[in-house]
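Results of the structural survey
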Amino acid sequence: MNKNVDIAIVGVTGAVGEVMLEILEQRDFPVGTIYPLASARSAGKRVEFRGKSLVVKDLTDFDFSRVQLALFCAGETVAADYVPRATAAGCVVIDNSARFRGDVSVPLVIPEVNPQALAGYTAHNLIASPDALATLLWMVLKPLYDTAGITRLNVATYQAVSTSGKAGVKELAGQTANLLNAQPLEHEVYDRQIAFNTLAQVEPLEDNGYTRAEMNLVRESRKILGDENLPINPTAVIVPVFYGHGMAVHLETRDRLGAGQARALLEQMPGITVMDTLRGGGYPSPVTDAANENAVLVGRIREDIAQPQGLDLWIVSDNVRKGAALNSIQIAEILVKDYL
């Protein structure tokens, strides 16, 4: 990439926005002028980028015709209000919220999995980045899906509270401190105590008894793969971890795929680190291995003892990095290189 691009980051003071700035700098993204944007209550704060202190501007007043690219990481309501303004001004938007993921005319892209879908951005000047669950899951399963097919897929998630942004992190930290000091608990983000607890209902229930988070994983997976018949059955759980999702995955394949062959396929997949040895501690964990890392880690790769066509895996990754900020920036890198 040898061209500089003027960029706006919407939601720059949030958990994902902060990491976006960090990764743009780490990957030497060709930034011309960068505009850090947030809500009125965060305007005036300062963020650091390439050794400079930048003042955060009020999103409300920003003219998107000043930039070629906007990275949105501010939630569905903000995306609904401001993405159309940005695209109408000729700016290409990469949106990290759920607002446009289900739109059939908006590409939903994981660069290592379905980069060809990116060409469809011209319909609306818009690309959606998937939810962290879908991104991390298909980073690992795509080579297995391509090689042997998947006839059944069960996924249990163990999601960090940062899936709810800084508010989730604050709630877990506050409740933990209060419990350890015999103080009363308060909760706003979750419907009950999250400290030292697990919550098996992430987002509201839909009519079929599955939660919105679970059904979004189904819908996004099928869209990313272009496979409306993908048999996927998820259970989404929030756990008292700040950063780093975990997923226990049980799949059945059309063609038999042994653990050794699966391991070899995953070792060749860009962005994947296989951490899988038959000894104590030979597996990855969210906090000690995945937090602040860009890779998706996979371990506990084993053949299902109850199903001859079955495989079991354990996946972890930093949900704010590859699950959000990094994926959006990788999309931007392809855009700059091949399209803009």
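Now for a look at the structure at hand.

**Topic: the sheet that holds strand 11 (residues 245-253)**
Hydrogen bonds between backbone atoms are what pair the strands of a sheet, whose relative direction is either parallel or antiparallel. Ordered by their spatial adjacency, six strands build an open sheet running 10-9-11-14-13-12, and the pairing between neighbours is mixed. Every other strand in the sheet has two partners, leaving strand 10 (232-238) and strand 12 (272-274) as the edge strands with one partner each. Between one strand axis and the next, the sheet turns through 20° on average, direction left out of account. Relative to strand 14 (residues 310-317), strand 11 runs antiparallel, the two sharing eight bridges. Each residue of the ladder has a partner; that of A248, found in strand 14, is W314.

**Some remarks on the sheet that holds strand 6 (residues 69-72)**
The sheet built from six strands is open, its strands ordered 5-2-1-6-7-8 with parallel pairing. Two strands bound the open sheet, and with one partner strand each, they are strand 5 (57-58) and strand 8 (126-128). Pairing of strand 7 (residues 92-95) with strand 8 involves three bridges; the strand directions are parallel. If you follow V93 over to strand 8, its bridge partner there is L126. Lying on the sheet, helix 1 (residues 15-26) is in contact with strand 1 (5-10), strand 2 (31-38) and strand 6; it crosses strand 1 at an angle near 155°.

**Points about the pattern of salt bridges**
Across all of its chains, the model carries 16 salt bridges by this definition. Of the charged contacts, one joins E22 and R321 as a salt bridge, the two residues approaching to 3.2 Å between their closest N and O atoms. Taken together, the positions of E22 in helix 1 and R321 in helix 8 (residues 321-339) put the pair 299 residues apart, joining distant regions of the chain. Given the relative accessible area of 36%, E22 is considered partly exposed. For R321, a relative accessible area of 4% corresponds to the buried category. Taken together, the shared-partner salt bridges in this structure form one network comprising E76, E203 and R212.

**Some details on helix 4 (residues 165-180)**
With 16 residues, helix 4 extends 23 Å from end C-alpha to end C-alpha; this agrees with the ideal 22 Å at 1.5 Å per step. Taken as a whole, helix 4 has its buried residues at G168, V169, E171, L172 and Q175. Buried residues of helix 4 fall within an arc of 160° about the axis and therefore sit on the same side. Of the residues flanking the end of helix 4, it is A182, one or two places downstream, whose phi is positive at about 55°.

**Topic: the packing of helix 1 against helix 8**
One way to put it is that helix 1 packs onto helix 8 with a least axis distance of 9 Å and a crossing angle of 50°. Classified by the angle between their axes, helix 1 and helix 8 sit oblique to one another. Where helix 1 crosses over helix 8, the two elements pack in a sense that is right-handed. Each of V16, V19, M20, E22, I23, L24 and Q26 in helix 1 lies in contact with helix 8, whose residues at this interface are R321, A324, A325, L326, S328 and I329. Split into classes, the residues belonging to the contact of helix 1 with helix 8 amount to nine nonpolar, two polar and two charged.

Thresholds, definitions, all that
Along each chain, residues carry numbers from 1 onward, in the same order as the chain's sequence is written. Predicted model: local features are reported for residues with pLDDT of at least 70 only, side-chain atom pairs are reported and counted for 80 or more only, and whole-chain, interface and lining totals are derived from all residues. Heavy atoms throughout the structure, all of them, feed into the side-chain values; hydrogens and water do not. Each pair of strands is called paired provided DSSP finds at least two bridges between the two strands. Strands here mean DSSP runs of E at least two residues long; helices mean DSSP runs of H or I at least four residues long; both are numbered from the N terminus. Axes, fitted as lines to C-alpha atoms, cover a helix only where it is in contact. Angles between the N-to-C directions of the axes lie from 0 to 180 degrees. Pairs of residues are marked as contacts when any of their non-hydrogen atoms sit within 4.5 Å. The salt bridge definition used is simple: a Lys or Arg side-chain nitrogen within 4 Å of an Asp or Glu carboxyl oxygen. Note on classification: 1.4 Å probe, protein chains only; a residue is buried when its accessible area is under 20% of the maximum for its type, exposed when over 50%, partly exposed between these limits. Any helix carries an expected span of 1.5 Å times its number of residues minus one. Picture the helix axis, draw a direction to every C-beta atom, and the arc is the one those directions span. Angular relationships are summarised with four words: roughly parallel below 35 degrees, roughly antiparallel beyond 145, roughly perpendicular across 65 to 115, and oblique for the angles in between. Whether a crossing is left-handed or right-handed is set by the direction in which the near helix is turned from the far one by less than a right angle, anticlockwise for left-handed and clockwise for right-handed. Basically, the charged four are Asp, Glu, Lys and Arg, the nonpolar ten are Ala, Val, Leu, Ile, Met, Phe, Trp, Tyr, Cys and Pro, and anything else, Gly included, counts as polar.

The values reported here are purely geometric and, on their own, carry no functional implication.
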